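A structural walkthrough
Each chain is listed here by its residues.
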Amino acid sequence: MLVVIGALAGSTAWGFANRSSAEKWRDRSEAADTRLTDSLDRVEASSADVEDARERLRDLAAEKAGETDRNRILSEIVSQAPDVTSALRDCQQETTSLTNDILDAIGDPTADIAAIQARIRDVNGICEDALAASNALEDSIDELGS
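About the criteria used
- Residues numbered from 1 in each chain as written.
- Predicted model: local features only at pLDDT ≥ 70, side-chain atom pairs only at ≥ 80, totals over all residues.
- Heavy atoms only, no water.
- Helix = DSSP H or I, 4+ residues; strand = E, 2+ residues; numbered from the N terminus.
- Buried < 20%, exposed > 50% of the residue type's maximum accessible area, 1.4 Å probe, protein only.
- Areas by Shrake-Rupley, 256 points an atom, 1.4 Å probe, with all protein chains shown as cover.
- Contact = heavy atoms within 4.5 Å.
- Salt bridge = Lys/Arg side-chain N within 4 Å of Asp/Glu carboxyl O.
- Core = buried A, V, L, I, M, F, W, Y, C linked by side-chain atoms within 4.5 Å.
- Disulfide = S-S within 2.5 Å.

Quick look at the overall build of the protein chain now. Regarding its fold elements, the protein chain presents two helices and zero strands. For the protein chain, buried positions account for 10% of its 146 residues. Accessible surface computed for the protein chain: about 11,200 Å², of which carbon and sulfur atoms make up 58%.

Structure, rendered in structure tokens:
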């Protein structure tokens, strides 16, 4: 009977030891699960931060591309403006000169009408070129506003 009691006592002690060991392993497992969950939460937060940074980089790249286009258009406008000004000035001066020639020819029986008509065609060509240059400049300015 002593052997049975001893066996029961030993089994009970061994059961308590195993239970204690199992509880320690369970506590360790729960702690590891908590650490793993915390780590996964940090990874998710970091992934979200990385995605936000990527989105911001895409936005900045698009903004830079827009600024590059804007600078190109401004450059075109700056280069076109003197040519347009010169073409319009030529048109105005030639028109004024032609008007004076026409006024001088009125009532002058010796006036060379064919020469005046040729001048009218030339001045029209000069003014059409000035208008085309002006329209191109306006298009560039409109593109800047888009």
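Following the structure, the description resumes.
Let's shift gears to the environment of E94. By secondary structure assignment, the location of E94 is in helix 1 (residues 2-105). Separated by 32 residues in the primary sequence, E94 and I126 place their C-alpha atoms 8.1 Å from one another. E94 has contacts with R119, V123 and I126, leaving out every residue within four places of it along the chain.

Further remarks concern the pattern of salt bridges. This structure, assessed with the given rule, holds seven salt bridges. One salt bridge in this structure joins E51 and R54, with 3.8 Å as the shortest N-O distance. Placement of both E51 and R54 in helix 1 is noted, with a separation of three residues, approximately one turn of the helix. When the shortest N-O distance is used, the salt bridge between D101 and R119 registers 2.2 Å. Highlighted residues: D101 in helix 1 and R119 in helix 2 (residues 113-145), separated in sequence by 18 residues. In this structure R119 comes out as partly exposed when scored by relative accessible area, which is 21%. Where salt bridges share partners, they join E51, R54, E55 and R58 into one cluster.

A87, C91, L98, V123, C127 and A130 together form the largest nonpolar core, which totals six residues. Secondary structure elements with two or more residues in this core: helix 1 and helix 2.

According to the stated counting rule, one finds one disulfide in the structure shown. Note on cysteine connectivity: C91 is disulfide-linked to C127, with sulfurs 1.9 Å apart. Taking the sign of the torsion about the S-S bond as the criterion, the disulfide between C91 and C127, at about 100 degrees, is right-handed. Taken together, the residues span a long stretch of sequence, with C91 in helix 1 and C127 in helix 2 at a distance of 36 residues. As far as burial versus exposure is concerned, C91 and C127 are alike and both buried.

Take S140: it is sitting in helix 2. Classification of S140 by relative accessible area gives buried; the value is 5%. Residue contacts for S140: discarding those within four places in its chain leaves I73, E76, I77 and Q80.

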